[in-house]
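The lines below spell out each chain.
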Amino acid sequence: AQSVTQLGSHVSVSEGALVLLRCNYSSSVPPYLFWYVQYPNQGLQLLLKYTSAATLVKGINGFEAEFKKSETSFHLTKPSAHMSDAAEYFCAVSGGGSNYKLTFGKGTLLTVNP
Amino acid sequence: NAGVTQTPKFRVLKTGQSMTLLCAQDMNHEYMYWYRQDPGMGLRLIHYSVGEGTTAKGEVPDGYNVSRLKKQNFLLGLESAAPSQTSVYFCASSYGNRGPNTGELFFGEGSRLTVL
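Here is a short report on the structure shown in this document.

The rules behind the values
Residues numbered from 1 in each chain as written. Chains lettered and ligands numbered in written order. Predicted model: local features only at pLDDT ≥ 70, side-chain atom pairs only at ≥ 80, totals over all residues. Heavy atoms only, no water. Phe/Tyr/Trp six-rings, centres within 6.5 Å; stacked < 30°, edge-to-face > 60°. Helix = DSSP H or I, 4+ residues; strand = E, 2+ residues; numbered from the N terminus. Disulfide = S-S within 2.5 Å. Buried < 20%, exposed > 50% of the residue type's maximum accessible area, 1.4 Å probe, protein only. Core = buried A, V, L, I, M, F, W, Y, C linked by side-chain atoms within 4.5 Å. Contact = heavy atoms within 4.5 Å.

**Structural notes on the packing of aromatic side chains**
Step number 1: For the structure on display, the rule yields 14 aromatic pairs over all chains.
Step number 2: Summarising the aromatic geometry, the rings of Tyr36 of chain A and Phe104 of chain A are spaced 5.8 Å apart at their centres and angled 55° between planes, so their arrangement reads as tilted. With Tyr36 of chain A in strand β4 (residues 32–38) and Phe104 of chain A in strand β10 (residues 103–104), this pair connects stretches of sequence that are 68 residues apart.
Step number 3: Here Tyr36 of chain A and Phe107 of chain B contribute two aromatic rings whose centre-to-centre distance is 5.7 Å and whose plane-to-plane angle is 80°, an arrangement assigned as edge-to-face. Of the two residues, Tyr36 of chain A is situated in strand β4 and Phe107 of chain B in strand β10 (residues 106–107); the pairing between them involves two chains.
Step number 4: Site record: aromatic cluster; members linked through ring pairs are Phe34, Tyr36 and Phe104 of chain A together with Tyr33, Tyr35, Tyr48, Phe90 and Phe107 of chain B.

**A few points about the state of the cysteines**
Step number 1: The tally for this structure, following the rule as stated, stands at two disulfides over all chains.
Step number 2: Here Cys23 of chain A is linked by a disulfide to Cys91 of chain A, with a sulfur-sulfur distance of 2.0 Å. Handedness of the Cys23 of chain A-Cys91 of chain A disulfide follows from its S-S torsion of about -65°: it is left-handed. Here Cys91 of chain A lies in strand β9 (residues 87–94) and Cys23 of chain A lies in strand β3 (residues 19–27), a separation of 68 residues in the sequence.
Step number 3: Residue classification places Cys23 of chain A among the buried positions, given a relative accessible area of 0%.
Step number 4: On the accessibility criterion, Cys91 of chain A (0% relative accessible area) is buried.
Step number 5: Each sulfur in the disulfide pair Cys23 of chain B and Cys91 of chain B lies 1.9 Å from the other. Sign of the S-S torsion, about -75° for the bond between Cys23 of chain B and Cys91 of chain B, identifies this disulfide as left-handed. Of the two residues, Cys23 of chain B is situated in strand β3 (residues 19–25) and Cys91 of chain B in strand β9 (residues 87–94); the sequence distance between them amounts to 68 residues. Cys91 of chain B carries the same exposure label as Cys23 of chain B, and that label is buried.

**Details of the nonpolar core**
Residues and elements named next belong to chain A.
Step number 1: If you look at the biggest cluster of nonpolar residues, it comprises 27 residues, and the most contacted ones within it are Trp35, Leu47, Leu48, Phe74, Leu76 and Tyr89.
Step number 2: When contributions to this core are tallied by element, the ones reaching two or more residues are β2 (10–14), β3, β4, β5 (44–50), β7 (64–68), β8 (73–78), β9 and β11 (108–113).
Step number 3: Setting aside residues up to four positions removed in sequence, Tyr89 forms contacts with Gln6, Leu21, Trp35, Tyr36, Val37, Leu47, Phe63, Leu76, Gly107, Thr108 and Leu110.
Step number 4: Phe34, Leu46, Ala92 and Tyr100 belong to the second largest nonpolar core, which has 21 residues in total.

Shown next, in the form of C-alpha cells:
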C-alpha cells in the first residue's frame, strides 16, 4: 500500500521568497516519487520525479526536491518565487516496478503575493 | 502532437442520464487511466487499463464503467448519473513500467461534469 500526505492545503509566499511545499510518503516498496503542477483550468504536468537515482532532483522552472528515506519525505523547493508559480501542486507516489499506479496527495495551493 | 485529448470538455446532465467521456492519446502508450478531481480530495483513480482490451478498478470505481477497445482510446461511462458524480475528470496515459519515463503520467485538460 502507498499513500502521500501533503502538509498544508494552502501556502502563501511573497514574490522572491523561498517556496517550500511539504510531502511525506508511505510505501511498502522502494518508491517512485513525483511532483505535478496544475495551473487554473488545465491538466497536470510533471515538474520532477525521483526514480532511485540521485536523491536531489531538479525539475522545470527552477524547482527541486530532495528524497530523504529516513524522513520518508520528498519536499519541493524553489529559492525565489515568481508570480507565475501560483498554481496547485500535487505530490504522488508509485511503487515502481510493476506498480505503475500513482497515488496523489490532496494538493497544495501556492499563492504568490507581489 | 496532440498528446492526450478529452471530449467533451464540459457537460451538464440530469440525474439518471447516461453519458460517455472519450479519451484519445497519440503517444502509443500502453497504460491509460481515469481520475476524478474534487476540491480538497486530490485526484482519485477510477479505473485504469494496462493494454488494449484490459481494464481494472481503481480506488473509486462504483457508478462508472470503462472500455479500451483500441489502444489509443479509453472510454469512461456513467450509466445513471448522480449528483455525487459532479466532478472534473482527467484522463492520463503512460508507458507504464518501461523506459526512462517509468511512472510518468501525461494528462488531458479535463472534462467538467455537472449532474443536476
